[in-house]
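Report on the structure
Below are the chains, spelled out letter by letter.
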Amino acid sequence: FFCSKMATLPRPRIVLQEGEGLPDNRIKTSKYNILTFLPINLFEQFQRVANAYFLFLLILQLIPEISSLSWFTTIVPLALVLTITAVKDATDDYFRHKTDNQVNNRQSEVLKDGKLQNEKWMNVRAGDIIKLQNNQFVAADLLLLSGSEPHGLSYIETAELDGETNLKVRQALPVTSELGADIRRLAEFDGEVVCETPNNKLDKFIGVLLWKDNKYSLNNEQMLLRGCVLRNTDWCFGMVIFAGPDTKLMQNSGRTKFKRTSIDRLMNTLVLWIFGFLVCMGIILAIGNSIWEHQVGARFRMYLYWKEVVNSSVFSGFLTFWSYIIILNTVVPISLYVSVEVIRLGHSYFINWDRKMYYAKNDTPAEVRTTTLNEELGQIEYVFSDKTGTLTQNIMTFNKCSINGKTYGDVYDELGRKTEINEKTVPVDFSFNPLADSKFQFYDHSLIESIQLRDRTVHEFFRLLSLCHTVMPEEKNSGELIYQVQSPDEGALVTAARNFGFIFKSRTPETITVEEMGQLVTYQLLAFLDFNNIRKRMSVIVRNPYGQIKLYCKGADTMLFERLHSSNEELASLTSDHLGEFAGEGLRTLVLAYKNLTEEYFKEWFKILQEAKTSVDSRDEQLATAYEEIERDMMLLGATAIEDKLQEGVTETIASLSLANIKIWVLTGDKPETAMNIGYSCRMLTDAMNEIFIMSGHTVMEVREELRKAKERLFGQSEGFSNGHVFRKKKEKLNQGSVFQVTVTGDYALVINGHSLAHALEADLEKEFLEVAFMCKTVLCCRVTPLQKSQVVELVRKYRKAVTLAIGDGANDINMIKSAHIGVGISGQEGMQAVLASDYSFAQFRYLQRLLLVHGRWSYFRMCKFLCYFFYKNFAFTLVHFWFGFFCGFSAQTVYDQWFITLFNIVYTSLPVLAMGLFDQDVSEQNSMDYSKLYEPGQLNLLFNKRKFFICIAYGIYTSFALFFIPYGAFYNIAGEDGKPIADYQSFAVTMATSLIIVVSVQIVLDTNYWTAINHFFIWGSVAVYFAILFAMHSDEFFDIFPSHFSFVGNARHSLGQISVWLVILLTTVVSVTPVITLRFLKIDLNPTLTDQVRKLQRARRKQKPLQTQMHQVYRTSSRRSAYAFSHQEGFGELITSGRNMRVRNLHPTSGQYMIAPVGLKTGIRKQLNLSWCIFVQLSYEAV
């Protein structure tokens, strides 16, 4: 026995049963192993310019001729930051390894040596034959050989791959399905498979099975992909085609990418600028040293204690340059990066601990999987979202209907006024029906009254719903009736008919059995006119027990209204109004109609149908013609309205994010109708929009023409306004050219399908596509492949300097998640593949609002304040050495003692700024949610940019100037109260050091908006620690023990015992902080921002919230949405009429007919979540 697999037909890859030469089934999502961790992690860390910069400084400090500071002042912090970062990265990767091991060690039954043996997944190889049991995960990409169901059918759930819980059918080749469960025959199977190379196309497979001198074509219908779950199938056997990294699931996973935030990238640039500034200062001081040495130093050079006298003033300046590079390096201290990592880790734990992002139903908390991206959550401009499983629950409910011109579904009070349905509303009692679905709820009692009064039209309405569908029933041993559905909308309609007394019981290829108001009625199924994307309708032709032949049809209103009999004109007009009302409420609609047929007419038409079915040429066209012939002159029954269940809070979340100027693009594999339905349901699309551009061109020219027309409409519309509207036109310089963008008045949306998008993403059209897309409020990309999803994200990143976020729940979203700056996985029942590839994960889409508007905004705000303060204090601290150089002969003498330099950033000022970076808030979390506009400063990068950086260093330079020259001027030719001089070097150093500590402490007090006990403890505690260490190091005891290291003996007591010194410290503090206090007061008073005003409201303890109003319903007449939008493929009509999915249960001898029971297609029913259509209206800046 052997299996072969080849990359391309000319060069086959043939492997024996053991699978030599092919990868095993082991998966790897981790980045490191024990051997590669250290070199790869160090390489990644030294990509940071600052780390390489500090390594360079460490090397300089090891040269005694130029170093005036000990090497440990640099190596200890550098080793600390590298270690902390490495431990964090190792921890993240450990959990990836742990997840990989859990998956790799799962057990599967593999056919070896003629018997089934338990084997770990990681040991499975291409060519192995595996047995799967019901509800078991598929271990690798398998070719389905046989199964327990008739005709080799198997049913799978693909939630891990695409997020959809609807079951899909796979069918083995007839020649292999005969193998059944015969272990001997399966072990003797010696077929060869020639197939495509491993790729990431989930919906496509091309291959050929060579067996017994015959060739059999293979496609995706015979494949069970890794990550799927076998459902409603007792067992099946499959042969491994792709294993491990070759599987389509792992091909979609890609490599784990190293992501860095925009602040990280800016920091790299700033570090280079600072290093340039540092070099300039070093050059100035080196030149000063050379001049001083030439003019002054040469006179007493011989008296200095040098091993070798430096006679050259130029060489002296050269050495001094490197000495000052070492001394002034603290403008970018290594402790900055330690603090950044600690702050990011703290922010990550805040997200993990957020109970408001915990989903109790599935016991799923929010999880930060990458801890280095938190501040970028506060800068998102584009969100790319999957649809199924991300925005929706994939649950449909029968909400309203129109029957014979009368609507049902609304609730009215005693005065005839329409009332809203709430928890107190009494639902219809279906207890009279023992087979009613207990989960189904309907609140209009008049409909059940019409049923009980035997209204003929109402009965015919529900009879149609119970007959015209592709649902498969399954009756459990307990008598429970379960419907297996291809799409949830059909399940909702059949369940509604079931509860109202028309219970679909069973079907055979020739009959449909329905229990109508307690009576069992069997209809003969004469023809099944299946649904497809062009027809947008389906029909069944049945013969009732009375011999009458009827056609029942349901479909989109645009298709059925034009096929109605002329006598229906008045009823059609009334029903059309009802459809408009339903659509305006965000419901999905279908129109129902019937037609009575004579025996003669049907026989003639059936001959035409049989000829079309047996036609070799143009079979589809002939079938369409035959269907068109009989589906005309129908009588209208009414219409249904189904609610597409969104996840809880989706509408409010999208509305809130839109107010925060976050653009949401939906990238889905579903067809345009489905995407538009969801767009209307969650208010991304509305009838109030100026226009919705739908692009469906099949060629480059067609797509180009559609884009041209869209731009004409956009530009023409914008130019047509002249009543005071101001339009902003700008050129955006891009990587490869520019895109002309116009900000237009009005709302537009773009809907584009997969084949059109493929052309739009080509190099010569991508800019035109983006010009239109950027001007639209909403963009829906439909029928897109996983590759196209990532291409759209990368295109926006390429031409737009904006931070992107991608959110999804399936393996088809992995490329998109990894391509975006930030990837979010939806965890829960729909699979974990997207979560494993994501940076953040949670259970519900609505948590995205809190992640961005609260945690993201706070993280960005805190990180920016932290960086501004850190650069300020270190420039103030370091540049004192620069000023001192002009008064010490440019000798590279430090103005502070060495211990103060070492401890300043590590001990004295580390904790207060850390507390601010972890806990500070400008406004409360509720106000962050209520005032979405507060998010915009992050998008515009206003809180920390190059301009802010220059302001911070200018303020730091000013503070350093005050710190040096005020004590210098005050101590010039002055004596203390005891008559002793206080202008010595050590007293001067202590005075400046104390002034610096107090100034930076006062500054952080001014910068802190939100005070906690930790802030108080760290700030005042750090000041106390400074004085404690100062007096300890200047004590006699330390000097006695380490005389060479603590030379400032007694100076603290002497200097700080003078009142004049404290007056100098006070004056220095006042002069240093007065400008910032003045500027902030004027700014808040004269030009307050929205943040300032909201903070003022908080301080005034006014609990003012944004005005809450209910969104008015906008009724549409042109946006009806067919419930068939959820049928992503052709229906199961052919499968039903062929009987291939039926299993013989027992024979009724009296009738001579077989009783057939359906199998497969089981889906879980999730708890319905009530969705509030009430959204918050954001207070504008002026309203505040």
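Residues numbered from 1 in each chain as written. Predicted model: local features only at pLDDT ≥ 70, side-chain atom pairs only at ≥ 80, totals over all residues. Heavy atoms only, no water.

**Some thoughts on the overall build of the chain**
Looking only at helices and strands, the chain features 38 helices and 40 strands. Sequence-distant contacts in the chain: of pairs separated by 6 or more residues, those separated by 24 or more amount to 75%. Surface exposure of the chain reaches about 50700 Å², of which carbon and sulfur atoms provide 57%. (Helix = DSSP H or I, 4+ residues; strand = E, 2+ residues; numbered from the N terminus. Contact = heavy atoms within 4.5 Å. Areas by Shrake-Rupley, 256 points an atom, 1.4 Å probe, with all protein chains shown as cover.)

**Observations concerning the nonpolar core**
Counting residues in hydrophobic clusters, the biggest one holds 99 residues, and the most contacted among them are Leu336, Tyr896 and Phe900. The element that contributes the greatest number of residues to this core is helix H26 (residues 847-885), accounting for 18 residues. In this structure, this core is formed jointly by two domains, domain 1 (275-332) and domain 3 (865-1088), each of which donates at least three residues. Beyond its immediate chain neighbours, meaning those up to four positions away, Leu336 contacts Met267, Phe866, Leu867, Phe870 and Phe871. Of all hydrophobic cores here, the second largest spans 49 residues; its members include Val428, Phe440, Phe442 and Phe462. (Core = buried A, V, L, I, M, F, W, Y, C linked by side-chain atoms within 4.5 Å. Buried < 20%, exposed > 50% of the residue type's maximum accessible area, 1.4 Å probe, protein only. Domains from an automatic or database assignment.)

**Here's the deal with the sheet that holds strand E11 (residues 214-218)**
Backbone hydrogen bonds hold the strands of a sheet together, and the pairing may be parallel or antiparallel. Taken together, the three strands give an open sheet; going across it, the order is E9-E10-E11, and neighbouring strands pair in antiparallel fashion. Strands with a single pairing partner mark the edges of an open sheet, and in this sheet they are strand E9 (192-195) and E11. Mean inter-strand twist for the sheet, computed between neighbouring axes without regard to direction, equals 25 degrees. Bridge count for E9 against strand E10 (residues 207-211) is four bridges, and the pairing is antiparallel. (Pairing = 2+ DSSP bridges. Axes fitted to C-alpha atoms, helices over the stretch in contact; angles between N-to-C directions.)

**Let's talk about the packing of helix H16 (residues 599-613) against helix H17 (residues 619-630)**
Put simply, H16 and H17 touch, their axes get as near as 8 Å, and they point 165 degrees apart. Taken together, the axes of H16 and H17 are roughly antiparallel relative to one another. Of the two elements, H16 crosses H17, and the hand of that crossing is left-handed. When H16 is examined against H17, the residues Tyr601, Trp605, Ile608, Leu609, Glu611, Ala612 and Lys613 are found in contact with a partner set consisting of Arg619, Gln622, Leu623, Ala626, Tyr627, Glu629 and Ile630. Looking at the contact of H16 with H17 residue by residue, the classes come out as nine nonpolar, one polar and four charged. (Parallel < 35°, antiparallel > 145°, perpendicular 65-115°, else oblique. Left-handed = near helix turned anticlockwise from the far one by under 90°. Nonpolar A, V, L, I, M, F, W, Y, C, P; charged D, E, K, R; others polar.)

**With respect to the packing of helix H31 (residues 946-971) against helix H36 (residues 1059-1086)**
Where H31 meets H36, the axes come as close as 10 Å, and the angle between the chain directions of the two elements is 155 degrees. In terms of axis orientation, H31 runs roughly antiparallel to H36. Here H31 and H36 pass one another in a crossing that is right-handed. Residues Tyr955, Tyr958, Thr959, Ala962, Leu963, Ile966, Pro967, Ala970 and Phe971 of H31 form the contact with H36, whose own contacting residues are Val1061, Val1064, Leu1067, Thr1068, Val1071, Ser1072, Val1073, Pro1075 and Val1076.

**Things to note about the UniProt feature "binding site: Mg(2+)" (unreviewed entry) in the chain**
Annotation from UniProt places "binding site: Mg(2+)" (unreviewed entry) at Asp386, Thr388, Asp809 and Asp813. A maximum C-alpha distance of 11.0 Å among these annotated residues, which run over 428 residues, shows that they cluster at one spot. On the secondary structure map, Asp386 appears in the loop between strand E16 (380-385) and strand E17 (392-403). Engagement of the side chain of Asp386 in a polar contact is seen with the side chain of Lys789, the distance being 3.4 Å. Residue classification places Asp813 among the buried positions, given a relative accessible area of 0%. (UniProt positions renumbered as here; feature names shortened; annotations may be inferred. Polar contact = N/O pair within 3.5 Å; in protein donor to acceptor, adjacent residues only side chain to side chain.)

**Digging into the pairing of strand E30 (residues 663-667)**
Where burial is concerned, most of E30 is hidden: five out of the five residues are buried. Pairing between E16 and E30: four bridges, direction parallel. Looking across to E30, one finds that Val383 is bridged to Ile664.

**What to know about the sheet that holds E30**
As summarised here, the arrangement of the nine strands in space is E15-E38-E37-E36-E16-E30-E35-E34-E31, forming an open sheet in which the pairing is mixed. Two strands lie at the open edges of the sheet, namely strand E15 (367-368) and strand E31 (691-695), each paired on one side alone. The strands touched by helix H23 (residues 786-799) are E16, E30 and strand E36 (803-808); relative to E30, the strand with the most contacts, the crossing angle is about 155 degrees.

**Examining the packing of aromatic side chains**
If you walk through the whole model with that rule in mind, you get 65 aromatic pairs. Both rings, one in Phe886 and one in Phe890, keep their centres 5.2 Å apart while their planes meet at 75 degrees; by these two values the pair is edge-to-face. We classify Phe886 as partly exposed; its relative accessible area is 42%. Accessibility expressed as a relative area gives 11% for Phe890, which makes it buried. An aromatic cluster is present here, built from Phe882, Trp883, Phe884, Phe886, Phe887, Phe890, Phe961, Phe964, Phe965, Tyr968, Tyr985 and Phe988 joined pairwise through their rings. Sitting over the face of the ring of Phe137, Arg106 holds its NZ or CZ atom 4.8 Å from the ring centroid. Just above the ring of Tyr382 sits the side chain of Lys663; from NZ or CZ to the centre is 5.8 Å. (Phe/Tyr/Trp six-rings, centres within 6.5 Å; stacked < 30°, edge-to-face > 60°. Lys NZ or Arg CZ within 6 Å of the ring centre and 35° of its normal.)

**Some words on the pattern of salt bridges**
Under the criterion given, the structure shown has 45 salt bridges. Across the pair Glu157 and Arg231 runs a salt bridge whose closest N-O atoms are separated by 3.4 Å. You can see Glu157 sitting in strand E7 (residues 153-157) and its partner Arg231 sitting in strand E13 (residues 229-231), a full 74 residues away along the chain. Take Glu157: its relative accessible area is 12%, and that puts it in the buried class. Ionic pairing is found between Arg563 and Glu628, a salt bridge with its closest N-O pair at 2.9 Å. One end of the pair, Arg563, is in the loop between helix H14 (557-560) and helix H15 (569-584); the other, Glu628, is in helix H17, and 65 residues separate them in sequence. When its relative accessible area of 9% is taken as the criterion, Arg563 is described as buried. When salt bridges that share partners are traced, they join Arg535, Arg537, Glu562, Arg563, Glu628 and Glu631 into one network. (Salt bridge = Lys/Arg side-chain N within 4 Å of Asp/Glu carboxyl O.)

**What about helix H11 (residues 445-452)?**
The α-helix winds at 3.6 residues per turn, so residues separated by three or four positions along the chain end up facing the same way. Taken together, the buried positions of H11 are occupied by Leu447, Ile448, Ser450 and Ile451. With its buried residues spanning 155 degrees around the axis, H11 presents them on a single face. Downstream of H11 by one or two residues, Arg454 has phi in the positive range, about 55 degrees. (Arc of directions from axis to C-beta.)

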